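A look at the structure
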Amino acid sequence: MKKDKTFFSMVGTMLKIGAIGFGGGTALIPVIEDEIVEKKKRMKEEQFNNEVMIASITPGALPVEIAAGIGLETAGNRGMVAMSAAMAFPGAFLTLFFLIFVTGAKTGIKTQIGYMAAGISGFIIFTLLSYTDGTIKEAKNKKERLLYLFIVLAVFWLSGEKNIYQLLGIEKTPLFGLSTIQILGTAFFIILYTRGRLRDVKRTIPAVIVAGLYFLSAGKAQIFPEMIEKTVLCVMFGMAAVGAFASVRENQVRKAFPAGKLGRAALGWFLWIFVLSLPALVLFPGTLSFMGTGILSSVLSFGGGDAYLSVAQGLFVYSGMVSRYDFYGNIVSVANALPGSILCKTLTGIGYVRGYQFHQSVEEGVTLAVCAFACSVAASGMIYVLVKMVYEKYENLRLFAAVKHFIRPIISGLLLNVALSLYLSGVLSQAEGRTATGVLTGMTALIVLMGIWAEKRTHIHLVWKILFSAGLSFVICNLLAGSL
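Sequence positions are assigned chain by chain, starting from 1 and proceeding in written order. In keeping with the predicted nature of the model, local features appear solely for residues at pLDDT of at least 70, side-chain atom pairs appear and are counted solely at 80 or more, and the whole-chain, interface and lining totals rest on all residues. Side-chain figures throughout are based on the complete set of non-hydrogen atoms in the structure, without hydrogens or water.

Side note on the packing of helix α14 (residues 342–359) against helix α15 (residues 362–393)
Where α14 meets α15, the axes come as close as 7 Å, and the angle between the chain directions of the two elements is 150°. The orientation of α14 with respect to α15, classified from their angle, is roughly antiparallel. The interaxial crossing formed by α14 with α15 has right-handed handedness. Touching Leu343, Cys344, Leu347, Thr348, Gly351, Tyr352, Arg354, Gly355, Tyr356, Phe358 and His359 of α14 are Val362, Glu364, Gly365, Val366, Leu368, Ala369, Ala372, Phe373, Ser376, Val377 and Ser380, all from α15. Classification used: nonpolar for Ala, Val, Leu, Ile, Met, Phe, Trp, Tyr, Cys and Pro, charged for Asp, Glu, Lys and Arg, polar for all others including Gly. Residue composition of the contact of α14 with α15, grouped by class: 13 nonpolar, seven polar and two charged. Inter-axis angles, ranging from 0 to 180 degrees, are taken between N-to-C directions of lines fitted to C-alpha atoms, where helices are fitted over the stretch in contact. Helix and strand labels come from DSSP, where a helix needs a run of H or I of at least four residues and a strand needs a run of E of at least two; each type is numbered from the N terminus. These descriptions rest on fixed angle ranges, namely under 35 degrees for roughly parallel, over 145 for roughly antiparallel, 65 to 115 for roughly perpendicular, and the rest for oblique. Handedness of a crossing follows from how the near helix is turned relative to the far one, being left-handed for an anticlockwise turn of less than a right angle and right-handed for a clockwise one. Whether two residues are in contact is decided by their heavy atoms: any pair within 4.5 Å suffices.

In structure tokens form, the structure reads like this:
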């Protein structure tokens, strides 16, 4: 009885933290620590710090992963599922609630929401630029700073070439225009093949050459035939497998891998997804494909919640599952204005929009949104448990250090492309004409400058920053209504 009371108390705590979780997953770390370590004393500080460290090098929703780790350590598999779901639920529910209102609103109301969304997009652009700036500042010295800057700009060019041409008014087929998966996959190939030793030129140079061939063969310009791309991919897979196997052999450990524990955790997550996704599986023939894409998007989401935007853009927008306008104009704007994990909120929103599109039915939208929510939580929780168990067995593996060292600048480059997409699709989508374009561009710049000013003033809550951005855009767009 006492165990059940403690369990429900912990679940309630996660719900409360999820409901006040403005500012992203990193901002929630001290809040979770205060509740779990200081107040409830359910976990020692050293153990909590270890959970946070593992979550930081794991793809997925950071606060959901930390909640899964706390739940697993304090209440087993049921705690893992319940506490991670409780952490994600408030934000996902609010996102779904507001999207139902937006999709059912009349054209005039949608227009006004679009005006406010342009300002929220401007604020999101500031947060993405701030993330990138923080990445450069994390460098330990000038040499590392230049390396980070090179990686950021290179990834930005590789992923955002099409958007850059659109911004400059250039009508030209991009040479690269690579997706998030292609870039992240190539990065992991280099890290795996070099075993995390990027200064080893005998391994780094061949890896970079193969990666360059892949970029040229997979790019939009299609310089090489499709067969070359497939051949290079096979070579990359083989080289990565050899490097990973060699890294494991180098790390002499005697610990047995907890396969049984991992299997029980996987079963728990399978049951969670099956129960919540069953209605969608019955209603929609393409649900399995959507679930696979949703899980894949969560697994590829390195670098915090904002990083998920670049992954989701590549998997859902570029594939045509959701339109660019729905993604940036509705889903992203709503999700970023609410508390909770951006990953879980965004994927839930994508599920709703995707389901709603079938028969313009709110009920069908909610059904697929619940499925998407289940996938987002399960993918984050399962990959976290897997990495936790691998880390505990191979905690001295250099690959973990290399991923942690280079993943942030790579994500920052992808996020610059997201910021540019937000400007082109989230802000300028409201403009028709040179005057309106110039004013909205100036408004976005003003919001970014105000964000820089407010960032150093911790007494200004995130909600007020978002409300100011939305209000400023609302007023400006209505004043320019004749030219918008």
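Some words on the pattern of salt bridges
Pairing is possible between side chains of opposite charge, provided their charged atoms come close. Counted as salt bridges are all cases of a side-chain nitrogen of Lys or Arg within 4 Å of a carboxyl oxygen of Asp or Glu. Taken as a whole and judged by the stated rule, the model has seven salt bridges. Asp34 is the partner of Lys39 in a salt bridge, and the nearest nitrogen-oxygen pair spans 3.5 Å. Exposure remark for Asp34: the relative accessible area of 30% places this residue in the partly exposed category. Here Glu51 ties to Lys388 by a salt bridge, and the two come within 2.7 Å at their closest N and O atoms. Pair noted here: Glu51 is in helix α3 (residues 45–56) and Lys388 is in helix α15, with a separation of 337 residues, a long-range link. As far as burial versus exposure is concerned, Glu51 and Lys388 are alike and both buried. Counted as one network, the salt bridges with shared partners bring together Lys16, Asp34, Glu35 and Lys39. Each residue is assigned to one of three classes by its accessible area relative to the maximum for its type, calculated with a 1.4 Å probe on protein chains only: buried under 20%, partly exposed between the two thresholds, exposed over 50%.

A short note on the packing of aromatic side chains
Two aromatic rings, drawn from Phe, Tyr or Trp (for Trp, its six-membered ring), form a pair once their centres lie within 6.5 Å of each other, and the interplanar angle then sorts them: stacked below 30 degrees, edge-to-face above 60, tilted otherwise. In total, this model carries 13 aromatic pairs according to the counting rule given. Centre to centre, the rings of Phe123 and Phe126 are 5.8 Å apart; their planes meet at 45°, and the pair counts as tilted. Taken as a pair, Phe123 and Phe126 lie in helix α5 (residues 107–137) at a separation of three residues, close to a single helical turn. On the basis of an interplanar angle of 80° and a centroid distance of 4.8 Å, the ring pair of Phe327 and Tyr328 is categorised as edge-to-face. Relative accessible area serves as the criterion here: at 0%, Phe327 is assigned to the buried category. Classification of Tyr328 as buried rests on a relative accessible area of 0%. Our definition puts a charge over a ring when NZ of Lys or CZ of Arg is within 6 Å of the ring centre and also within 35 degrees of the ring normal. The residue whose ring lies beneath Arg203 is Tyr193, and the NZ or CZ to ring-centre distance is 5.0 Å. Stacked on the ring of Tyr131, the Lys or Arg Arg408 has its end atom at 4.2 Å from the ring centre.

What about the layout of surface pockets?
Considering only enclosed or pocket space, the second largest pocket measures out at about 1,100 Å³ in volume. Only α6 (142–168), α7 (180–193), α8 (201–218) and α16 (398–427) provide two or more residues apiece to the lining of the second largest pocket. In terms of residues, the lining of the second largest pocket owes the most to one element, α6, which gives eight residues. The class makeup of the residues in the lining of the second largest pocket is 18 nonpolar, six polar and six charged. Here a cavity denotes grid points, spaced 1 Å and computed from the protein atoms alone, that fit a 1.4 Å probe unable to get out, and a pocket denotes an open set having protein on both sides within 12 Å along at least 5 of 7 lines; residues with an atom within 4 Å of a point are the lining. Grid points are joined across faces, edges and corners, and a volume is the space filled by probe spheres set on the points.

Section: the side chain of Thr58
Positionally, Thr58 belongs in the loop between α3 and α4 (62–104). Side-chain atoms alone can form a polar contact between residues adjacent in sequence; in general such a contact is a pair of N or O atoms within 3.5 Å, and within protein one must be able to donate a hydrogen while the other accepts it. Reaching out from Thr58, the side chain makes a polar contact with the backbone oxygen of Ile54 at a distance of 2.5 Å. Setting aside anything within four residues of it in sequence, one finds Thr58 in contact with Glu65, Phe302, Ile383, Tyr384 and Val387.

Considerations on the environment of Ile36
Checked against the element boundaries, Ile36 lands in helix α2 (residues 25–39). Along the chain, Ile36 and Leu94 lie 58 residues apart, while their C-alpha atoms are 25 Å from each other. Here Ile36 is in contact with Met10, Thr13, Met14, Lys41, Arg42, Met43 and Ile70, once residues within four sequence places are set aside.

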